[in-house]
Amino acid sequence: MINYDLKKIKALVFDVDGVLSKGMVRVDAEGNLVRTTHTKDAYALRLASMLGLRVAIITGAYEERIRHRYEALGVSDVFLSSSVKTECMQTLLDKYGLKPDEVLYMGDDIPDYRVMQQIGLPCCPRDAAPEIRDISLYISHLDGGQGAVPGGLQDVAYRGFCRQDVEIHTAKLNAVLQKNAFSAGKFSNMMGPINNNL
């Protein structure tokens with residue numbers, strides 16, 4: 001459970017390497033960088049977008065494939081090649097009129113440190129750097145790239161939204177996934193057991 005007023009949260013922002021993908025990058029035969037992502041994270045991002053949350057990516061990575069992948073999941077803003085993440089965050093805050101305490105950011109390493117201090121709800125995967133764990137209000141029980149995103153999102157969804165709205169959008173998303181022959185399972189199965197005490 002997250003010790004924060006989750007009803008404030010209007011935007012979710014994520015790093016890629018070490019958060020949405022594992023902390024290692026493979027190079028294929030053509031020299032392209034290849035990242036692995038977890039279907040549970042993809043499902044959670046899509047659901048967050050359907051619930052009306054702003055979802056953004058701020059990463060030092062530069063491949064356009066990252067933009068295409070996450071925009072297809074409903075991520076509204078993808079900042080690539082970011083060397084100063086605080087500047088990208090300020091752009092995001094200004095663009096949507098957000099306050100820092102309305103933002104959840106999940107990072108895993110030193111490049112995320114300053115931006116995580118800039119926002120209200122800093123979060124990290126279990127295998128994040130010790131400095132990042134020290135400033136995080138939520139630490140996932142999973143490593144980056146292994147489905148670390150859904151736990152925090154579950155708390156945000158069920159505290160910040162009417163349970164019925166979450167279940168309606170979950171049913172819609174499952175219908176779309178089944179229509180596209182992608183079996184992702186139910187939201188509650190992917191996100192873990194629903195905590196009725198939230």
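Attention in this report is confined to the structure presented alongside it. (Residues numbered from 1 in each chain as written. Predicted model: local features only at pLDDT ≥ 70, side-chain atom pairs only at ≥ 80, totals over all residues. Heavy atoms only, no water.)

1. Concerning the nonpolar core
With 30 residues, the main nonpolar core has Phe14, Leu20, Leu45, Ile57, Tyr70, Met106 and Leu121 as its most contacted residues. Among the elements of the structure, strand 1 (11-14), helix 1 (39-50), strand 4 (54-58), helix 2 (64-71), strand 6 (103-106) and strand 7 (121-124) are those that each provide at least two residues to this core. Leu98, Val115, Met116 and Cys124 belong to the second largest nonpolar core, which has 19 residues in total. (Core = buried A, V, L, I, M, F, W, Y, C linked by side-chain atoms within 4.5 Å. Buried < 20%, exposed > 50% of the residue type's maximum accessible area, 1.4 Å probe, protein only. Helix = DSSP H or I, 4+ residues; strand = E, 2+ residues; numbered from the N terminus.)

2. A few points about the packing of aromatic side chains
Evaluation of the coordinates by the stated rule reveals zero aromatic pairs. Here the basic side chain of Lys8 rests over the ring of Tyr4, its NZ or CZ set 5.6 Å away from the ring centre. (Phe/Tyr/Trp six-rings, centres within 6.5 Å; stacked < 30°, edge-to-face > 60°. Lys NZ or Arg CZ within 6 Å of the ring centre and 35° of its normal.)

3. Remarks on the sheet that holds strand 7
On the basis of which strands lie adjacent, the open sheet formed by six strands has the order 5-4-1-6-7-8 and parallel pairing. Each having just a single partner strand, strand 5 (77-79) and strand 8 (138-139) make up the two edges of the open sheet. Two strands pair when backbone bridges link them, and strand 4 and strand 5 are joined in this way by three bridges, in the parallel orientation. Across the sheet, residue Ile57 finds its bridge partner in strand 5, namely Val78. Its contacts with the sheet put helix 3 (residues 85-96) on strand 1, strand 4, strand 5 and strand 6, and the angle it makes with strand 5 is roughly 160°. (Pairing = 2+ DSSP bridges. Contact = heavy atoms within 4.5 Å. Axes fitted to C-alpha atoms, helices over the stretch in contact; angles between N-to-C directions.)

4. Details of helix 3
Taking 1.5 Å as the rise per residue, helix 3 with twelve residues should run 16 Å; its terminal C-alpha atoms sit 17 Å apart, in good agreement. Looking only at helix 3, the buried set comprises Lys85, Thr86, Cys88, Met89, Leu92 and Leu93. Viewed along the axis of helix 3, the buried residues span an arc of 160°, placing them on a single side of the element. Residues Glu87, Asp94 and Lys95 are exposed on helix 3 and point more than 90 degrees away from its buried face. In this structure, the buried side of helix 3 is in contact with strand 1, strand 4, strand 5, strand 6 and helix 4 (113-118). (Expected span 1.5 Å × (residues − 1). Arc of directions from axis to C-beta.)

5. Some details on the pairing of strand 4
Of all the five residues making up strand 4, four are buried; the element is thus mostly covered by neighbouring parts of the structure. Note: strand 1 against strand 4, four bridges, orientation parallel. Opposite Phe14, over in strand 4, you have Ile57 as the bridge partner. Taken together, strand 4, helix 2 and strand 5 form a β-α-β motif whose crossover is right-handed. (Right-handed = clockwise from strand over helix to strand, strands pointing away.)

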